[in-house]
Amino acid sequence: MCGIVGVLGNHEAAPILVEGLKRLEYRGYDSAGIATVDAGKLARRRAVGKLANLSDLLVHEPLAGKSGIGHTRWATHGAPTVDNAHPHRAGPVAVVHNGIIENFKELRANLAADGFEFSTETDTETVALLAERHLRNGLSPQEAAYQTIGELDGAFALAFLFDGHDDLMIATRKGSPLAIGHGDGEMFVGSDAIALAPFTDQITYLEEGDFAILTRTSLEIRDQNGELANRQKRLIQLDVARIDKGGHKHFMAKEIAEQPTAIDRALAAYLGHDNAINLPEALDFSKIERVTLVACGTGYYACLAAKYWFEQIARVPVEVDVASEFRYREPPITPGTLAIFVSQSGETADTLAALRYTAGKATQIAGLVNVPESSIARESDVVLPILAGPEISVASTKAFTCQLVILLLMALKAAEQRGTSLPAGLPQDLRSLPGLIHQTIAGESKVKSVSRELAKAQDIIFLGRGHLYPLALEGALKLKELSYIHAEGYASGELKHGPIALIDENVPVVVMAPSDALFDKTVSNMQEVMARGGKVVLITDAKGAQLASDGVTETLVLPEVNDALSPILYAIPAQQIAYYTAIAKGTDVDQPRNLAKSVTVE
Ligand code: M6R
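Caption draft 1: Representation of the pattern of salt bridges in the model. This model, assessed by the stated rule, comprises 30 salt bridges. Put simply, Asp350 and Arg327 hold a salt bridge, and the shortest N to O gap is 2.7 Å. Within this pair, whereas Asp350 is found in helix 11 (residues 349-358), its partner Arg327 is found in helix 10 (residues 323-329), the two being separated by 23 residues in sequence. Comparing Asp350 with Arg327 shows no difference in burial state: the two are buried. Between Lys448 and Glu444 there is a salt bridge whose closest N-O contact spans 4.0 Å. On the accessibility criterion, Lys448 (33% relative accessible area) is partly exposed. Through salt bridges with shared partners, one network takes in Glu19, Lys22 and Arg23.

This is the structure we're talking about:
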């Protein structure tokens, strides 16, 4: 993970670097630091914790200079301490790194044998020391950086700055993303275009193995074979004001509230006024024999819900896998496979690696991403932007519901092209979703009081059946992530095969059960919980509440919804429970401990 930013500018670098880092903090917030070159002199400032701590430090110990690099860290090697914070410096070299240097132990041993000393526990320090060794041996900064990266195994995006060089930066990538921003007599580097949005809209993405030499007025890129490469300069339209909470206390609250608008936007793009489903023409489900869906975390649960839709509605066999398993399992990918990769960021390392595994094997690769310029988008045959708008809070909310909407539209399109019948009311009932979600969000007062009670528990179980099962998993993930309460999601029918042993009056059970065809089955499972003293929070609709509220501790009543759409609507109380439980526990809602928004290391 980690975020990198760099500038060779005409104004003071420190505020520019901090502004860029603010937009990259979603990648990690264990520490932050910057280094600048001022009148040829390299210096740095670093602080543990969030970027605000670095900003405070810079007030007391400002750093001058118009050239600089910056970093926000998600710790991999070594605890979040000032010593381990980037930029790392060795003599005249400072370096910031996103990724993991896998051979750092061998490199450390080699450097130690040569008399080099270490002041950090990080893998990155070896990069700075290797470059320093090459400089001592008489190489130029460019050659020193180039030789250094040839010695590294693993994944990296790196930016180097050198003492004595006000107008030089080296940027290079292998496995981790990096973009160059073109200004007017200025040059920028960033882990993504979002970081560069306040400074320029002209972006060049480095490709695998690229090595870039930047000055204020020039950019030379060599590819992985050392050949001069001509990389396209793109015009990127990004919302510069995207890091605004819009009057909400947290980004998560804002993003929950934005779901009606986000889904409206997705429907406007993919569902015509005549209810025609408008997906990219290249997607042809009539030739597809099976679908493989791959993602991580919340995206994986969206894929699990989509399995029900694709199989029940379009009668296509579906496999779903977490990317970190898929990529190493070497699953056979036979012709006729549509491989769909779902990722909010489009940069998740495992999902990207899984995509690369299927390249050349699957008939078609589709990427469902929220960041259309991301690596997953750029490497997919067909891209379906989910159009959720920027999602800043680490916990995914609106990206999840937009992923669900688009996956459902894909399943409906597949049904249409394969001649299977669509569920009654679809796709037109999708149009009711924004209103129903709005209504659900507005009725949140009871969720607050339920969450205050849940906050007292140490373990919580979520249950769901059918396409509400993935929602039980998502509800548990969201709660763990935000409140640090241990939570597990189970398929209701699985409870009696083991987890029921956990049930007593101290383990609340949240049951997600709209009054659909499987309602009675879930209610029976709920009775089994209550018979053992378990306290149940039932999330259902008015009909379900009327039929099954007896003995239930709390009932949250949602609007009635077309059965096929219930996973989308029931995502809202799952998000609200996690949000308000976190508030009750006083945890950091938008930046929970140990996490990062974009997981660019495996
Ligand atoms: O950017 P991605 O969708 O690929 O991210 C995948 C997961 O890291 C992400 O969904 C994570 O599980 C969320 N923090 C959950 O809220």
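Read on for the rest.
Caption draft 2: Just empty space enclosed by the protein, in detail. The tally for this structure, following the rule as stated, stands at three cavities of 30 Å³ or more. Of the volumes computed, that of the largest cavity is approximately 70 Å³. When the residues that make up the lining of the largest cavity are grouped by side-chain class, the tally is four nonpolar, eight polar and two charged.

Caption draft 3: Inspection of the sheet that holds strand 20 (residues 459-464) at higher detail. Read across the sheet, five strands follow the order 21-20-22-23-24 without closing on themselves; strand pairing throughout is parallel. If you trace the sheet from one side to the other, it starts and ends with strand 21 (486-491) and strand 24 (554-558), each paired once. When strand polarity is set aside, the average angle formed by the axes of neighbouring strands in this sheet is 20 degrees. Pairing analysis gives four bridges linking strand 20 to strand 22 (residues 509-512), with the strands arranged parallel. Paired with Ile461 across the strands is Val509, a residue of strand 22.

Caption draft 4: Structural context of the site of the ligand. In the region of the ligand, 15 residues are neighbours, and Ser343, Gln344, Ser345, Thr348 and Glu481 sit closest. The side chain of Thr348 places a nitrogen or oxygen atom 2.4 Å from an oxygen atom of the ligand. Computed on the free molecule, the ligand has an accessible area of 420 Å², of which 90% lies beneath the protein chains in the complex. Looking at the shell around the ligand, the elements with two or more residues in it are helix 9 (297-314) and helix 16 (469-483). Tallied by class, the residues present in the shell around the ligand amount to five nonpolar, eight polar and two charged.

Caption draft 5: Examining the nonpolar core more closely. Formed by 97 residues in total, the largest nonpolar core has its most connected members in Phe310, Ile340 and Leu430. Among the elements that take part in this core, helix 13 (residues 398-418) stands out by supplying 14 residues, more than any other. Once residues lying within four places of it in the same chain are set aside, the contact partners of Phe310 are Phe285, Val291, Leu293, Arg315, Val316, Val318, Ile340, Leu407, Met410, Ala411 and Ala414. Core analysis: the second largest hydrophobic core is formed by 26 residues, Ile101, Val127, Phe156 and Leu158 among them.

Caption draft 6: Seen up close, the pairing of strand 2 (residues 31-38). Strand 2 sits mainly inside the fold: seven of its eight residues count as buried. Where strand 2 lies against strand 3 (residues 41-48), eight bridges are found, and the strand directions are antiparallel. By the bridge assignment for strand 3, Val37 is matched with Leu42. Of the pairings in the sheet, the one linking strand 2 to strand 4 (residues 67-73) comprises seven bridges and is antiparallel in character.

Quick notes on the rules
For every chain, the first residue of its written sequence is number 1, and the numbers climb from 1 along that sequence. Where local features are concerned, this predicted model is filtered to residues with pLDDT of at least 70; where side-chain atom pairs are given and counted, the filter is 80 or more; whole-chain, interface and lining totals use all residues. The basis for the side-chain values is all heavy atoms of the structure; hydrogens and waters are excluded. Salt bridges, as used here, are contacts in which a Lys or Arg side-chain nitrogen is within 4 Å of a carboxyl oxygen on Asp or Glu. We count a stretch as a helix when DSSP gives it H or I for four or more residues in a row; a strand needs E for two or more, and each element gets its number in order from the N terminus. Classification of residues uses two cut-offs on accessible area relative to the type maximum, computed with a 1.4 Å probe and protein chains only: under 20% is buried, over 50% is exposed, and between them is partly exposed. Computed over the protein atoms alone on a 1 Å grid, cavities are sets of points where a 1.4 Å probe fits but cannot get out and pockets are open sets with protein on both sides within 12 Å along at least five of seven lines; a residue lines them when it has an atom within 4 Å of a point. Grid points are joined across faces, edges and corners, and a volume is the space filled by probe spheres set on the points. The residue classification treats Ala, Val, Leu, Ile, Met, Phe, Trp, Tyr, Cys and Pro as nonpolar and Asp, Glu, Lys and Arg as charged. All others, Gly included, are polar. At least two DSSP bridges between two strands are needed for those strands to be called paired. All axes are obtained by fitting lines to C-alpha atoms, using only the stretch in contact for helices, and the reported angles, taken between N-to-C directions, cover 0 to 180 degrees. Note on definitions. A residue lies near a molecule or strand when any single heavy atom of the residue is within 4 Å of it. Under the rule applied, a polar contact is a pair of N or O atoms within 3.5 Å (in protein, one hydrogen donor and one hydrogen acceptor; residues adjacent in sequence only if both atoms are side-chain atoms). Only the protein chains shown count as cover for residues, and the accessible areas themselves come from Shrake-Rupley with a 1.4 Å probe. Within this scheme, the nonpolar core is defined by two criteria: the residues are buried Ala, Val, Leu, Ile, Met, Phe, Trp, Tyr or Cys, and they are joined through side-chain atoms within 4.5 Å. What makes two residues a contact is simply this: any of their non-hydrogen atoms within 4.5 Å.

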